[in-house]
Amino acid sequence: MRKTLIVGNWKMHLNTMQASILLHRLQERIRIHRDIEVVLAPSMLVLQPLSLQIDRRKFRLAAQNAYHKDMGAFTGEVSFTMLRDLVHYAIIGHSERRLIFGETLTDISEKVAAAVRNGITPILCVGETKTDRLAKHTKRVLHDQVVTALKNLTSEDVEEIVIAYEPIWAISTFGGELATPNLVKEAMDYIRHQISELYGKKTAEKVRVLYGGSVDDQIARGYMEIDGCDGVLVGGASTSYHKFSGIVDAAYRMQRELGEET
Ligand code: 13P
């Protein structure tokens with residue numbers, strides 16, 4: 001069984017003090033659950049202090065980005081090598097990185113390879129723009145993003161990774177429209193199908209696929225219930241104690257109901 005994953009992408013929000021307060025409150029509220037993994041992705045600055053405060057039985061940490069070279073004269077950058085003892089995951093290829101910072105398919109595949117080389121699990125974000133969707137290019141875009149990002153990996157590497165489907169038009173930053181669960185399912189099925197074609201059915205069944213469009217505590221469950229969806233990558237709502245803990249509660253409730261059914 002694939003573990004449910006709830007990831008909070010804090011983006012460039014919360015200074016050290018605010019981050020520490022939010023973690024403290026979440027730590028009081030969130031329980032340990034063997035089938036649910038809760039991951040926090042604070043800013044680079046805050047990773048180190050949070051790593052000292054965090055209850056590792058309840059949370060794992062993720063970086064929001066890193067540079068693909070292990071070390072060298074790259075002013076302003078932090079490498080995956082430097083993060084390896086600090087984080088379990090790294091978000092790679094987020095649409096804000098692709099669109100605002102101009103990250104290319106090649107940059108992203110180098111980052112995925114660097115993360116894996118350093119023992120960090122990539123949370124690879126893929127998704128189409130509104131223009132792609134209207135032009136019926138969604139599948140082609142997803143195909144290119146998945147194939148190039150994973151091209152340096154073996155099927156054993158791919159089994160471990162996480163893919164977040166984030167339709168760019170459904171992220172607050174770029175429009176924040178609501179994507180229907182049917183449409184999300186179709187894209188997620190296609191992503192898993194691609195993995196199956198490239199790395200085999202067994203690998204495709206192990207990869208976790210998340211929904212990364214905008215969600216809050218009211219609507220997250222509707223996406224988590226999609227067959228084949230293994231959780232959510234939460235943006236803005238993850239910096240709100242009430243909303244994020246509400247999303248984690250929704251995942252608990254789902255697991256409980258599932259347990260009662262079986
Ligand atoms: P919002 O929830 O802020 O729209 O962002 C979603 C996202 O980008 C997740 O990484």
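Residues numbered from 1 in each chain as written. Predicted model: local features only at pLDDT ≥ 70, side-chain atom pairs only at ≥ 80, totals over all residues. Heavy atoms only, no water.

A. Representation of the packing of aromatic side chains. This model, assessed by the stated rule, comprises 2 aromatic pairs. Summarising the aromatic geometry, the rings of Tyr-67 and Phe-74 are spaced 5.1 Å apart at their centres and angled 45 degrees between planes, so their arrangement reads as tilted. Given the relative accessible area of 32%, Phe-74 is considered partly exposed. With 4.2 Å between their ring centres and 20 degrees between their planes, Tyr-211 and Tyr-223 make a pair best called stacked. With a gap of 12 residues between them, Tyr-211 in strand 7 (residues 208–211) and Tyr-223 in helix 11 (residues 220–224) connect regions that are remote in the sequence. For the pair formed by Tyr-211 and Tyr-223, the shared burial category is buried. (Phe/Tyr/Trp six-rings, centres within 6.5 Å; stacked < 30°, edge-to-face > 60°. Buried < 20%, exposed > 50% of the residue type's maximum accessible area, 1.4 Å probe, protein only. Helix = DSSP H or I, 4+ residues; strand = E, 2+ residues; numbered from the N terminus.)

B. Inspection of the nonpolar core at higher detail. Counting 71 residues, the largest nonpolar core has Ile-6, Leu-40, Leu-150, Ile-195, Tyr-211, Met-224 and Ile-247 as the members making the most contacts within it. Per-element accounting of this core gives the leading share, 8 residues, to helix 12 (residues 241–261). Apart from residues no more than four positions distant in its own chain, Ile-247 is found in contact with Ile-6, Val-215, Asp-216, Asp-217, Ala-220, Met-224, Val-232, Val-234 and Ala-237. Grouped together as the second largest cluster of nonpolar side chains are 13 residues, Val-7, Val-39, Val-162 and Ala-164 included. (Core = buried A, V, L, I, M, F, W, Y, C linked by side-chain atoms within 4.5 Å. Contact = heavy atoms within 4.5 Å.)

C. Region of the structure containing unusual backbone geometry. In this structure, Lys-11 is a non-glycine residue whose phi angle is positive, near 50 degrees. Structurally, Lys-11 can be placed in the loop between strand 1 (4–9) and helix 1 (16–29). Since its relative accessible area comes to 16%, Lys-11 is described here as buried.

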